[in-house]
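A structural walkthrough
Each chain, letter by letter, is given below.
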Amino acid sequence: MSAGVLLATALTGCSLFGRAEGATNPGTGNATTIAGESRRVSLIQKLGTDGPVRTLEVDPSGRWQCRDCAGDGVDSTGSLNPEQTQRLQRMLADPALAQETDQARHYKQTCIDALTSTLLISPELTITSQDCPGEEKPPVANEILLLLTQTTPAEDKG
């Protein structure tokens, strides 16, 4: 396991991936259910080896909390709109994510001083990518990363 993944896991803690209480059916306009519950996701980013760790946590309802998300030391909170929340939950439920995990891809970081983004998806999926020339991005995870970086202060590039 890479040092970045270990750091990300330690920073987010075990409580991040608790059960989603009050999860509802997709047709109700609330968070989509996935086998009885919606999924949480965290985005952990670090620029190079010495950069600060930036974190974004999104709960199943679409509420997010960002710590140093843009690398400027500012913490913020907000919510995705209902369409964004439903889209996120659909992507988090995509079975293809299981083949995009670091373990399934035998992922190894290849760039120095690049922005490393790690998605931690409950329960127990870890998907890392770097902003490196030529690095192949896992398709579903990359769509999740784009949604999160376009709708919050998180950054898609270093």
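See the structure shown above.
Presented here is an overview of the structure given in this document. (Residues numbered from 1 in each chain as written. Predicted model: local features only at pLDDT ≥ 70, side-chain atom pairs only at ≥ 80, totals over all residues. Heavy atoms only, no water.)

Observations concerning helix α2 (residues 82-92)
Since one α-helical turn is 3.6 residues long, residues separated by three or four positions face the same way. Of all the positions in α2, only Gln84, Thr85, Leu88, Gln89, Met91 and Leu92 are classed as buried. Within α2, the buried residues cover an arc of 160° as seen down the axis, which keeps them to one side. Where α2 is buried, its residues contact β1 (41-47), β2 (53-58), β5 (115-121) and α4 (139-151). Near the N-terminus of α2, the side chain that reaches the backbone nitrogen of glutamate 83, with its oxygen 3.0 Å away, is that of asparagine 81. (Buried < 20%, exposed > 50% of the residue type's maximum accessible area, 1.4 Å probe, protein only. Helix = DSSP H or I, 4+ residues; strand = E, 2+ residues; numbered from the N terminus. Arc of directions from axis to C-beta. Contact = heavy atoms within 4.5 Å. Polar contact = N/O pair within 3.5 Å; in protein donor to acceptor, adjacent residues only side chain to side chain.)

With respect to the sheet that holds strand β4 (residues 76-79)
Strand order in the open sheet formed by six strands is β4-β3-β2-β1-β5-β6, and the pairing between neighbours is antiparallel. This sheet does not close on itself; its edge strands, each paired only once, are β4 and β6 (125-130). Adjacent strand axes in the sheet meet at a mean angle of 15° when their direction is disregarded. Here β1 pairs with β2 via six bridges, running antiparallel. Within β2, the residue paired with lysine 46 across the bridge is valine 53. (Pairing = 2+ DSSP bridges. Axes fitted to C-alpha atoms, helices over the stretch in contact; angles between N-to-C directions.)

Here we look at α4
Over its 13 residues, α4 runs 18 Å from end to end, which matches the ideal 18 Å to within 8%, given 1.5 Å per residue. Where α4 is buried, its residues contact β1, β2, α2, β5 and β6. (Expected span 1.5 Å × (residues − 1).)

Side note on the state of the cysteines
All chains considered together, the criterion is met by two disulfides. At a sulfur-sulfur separation of 1.9 Å, the disulfide partner of cysteine 66 is cysteine 69. Both residues of the pair, cysteine 66 and cysteine 69, belong to the buried class. The partner cysteine of cysteine 111 in its disulfide is cysteine 132, sulfur to sulfur 1.9 Å. Of the two residues, cysteine 111 sits in the loop between α3 (102-105) and β5 while cysteine 132 sits in the loop between β6 and α4, which places them 21 residues apart along the sequence. Given the relative accessible area of 7%, cysteine 132 is considered buried. Numbered in order of appearance, the disulfide-bonded cysteines of the protein are paired 1-2, 3-4. (Disulfide = S-S within 2.5 Å.)

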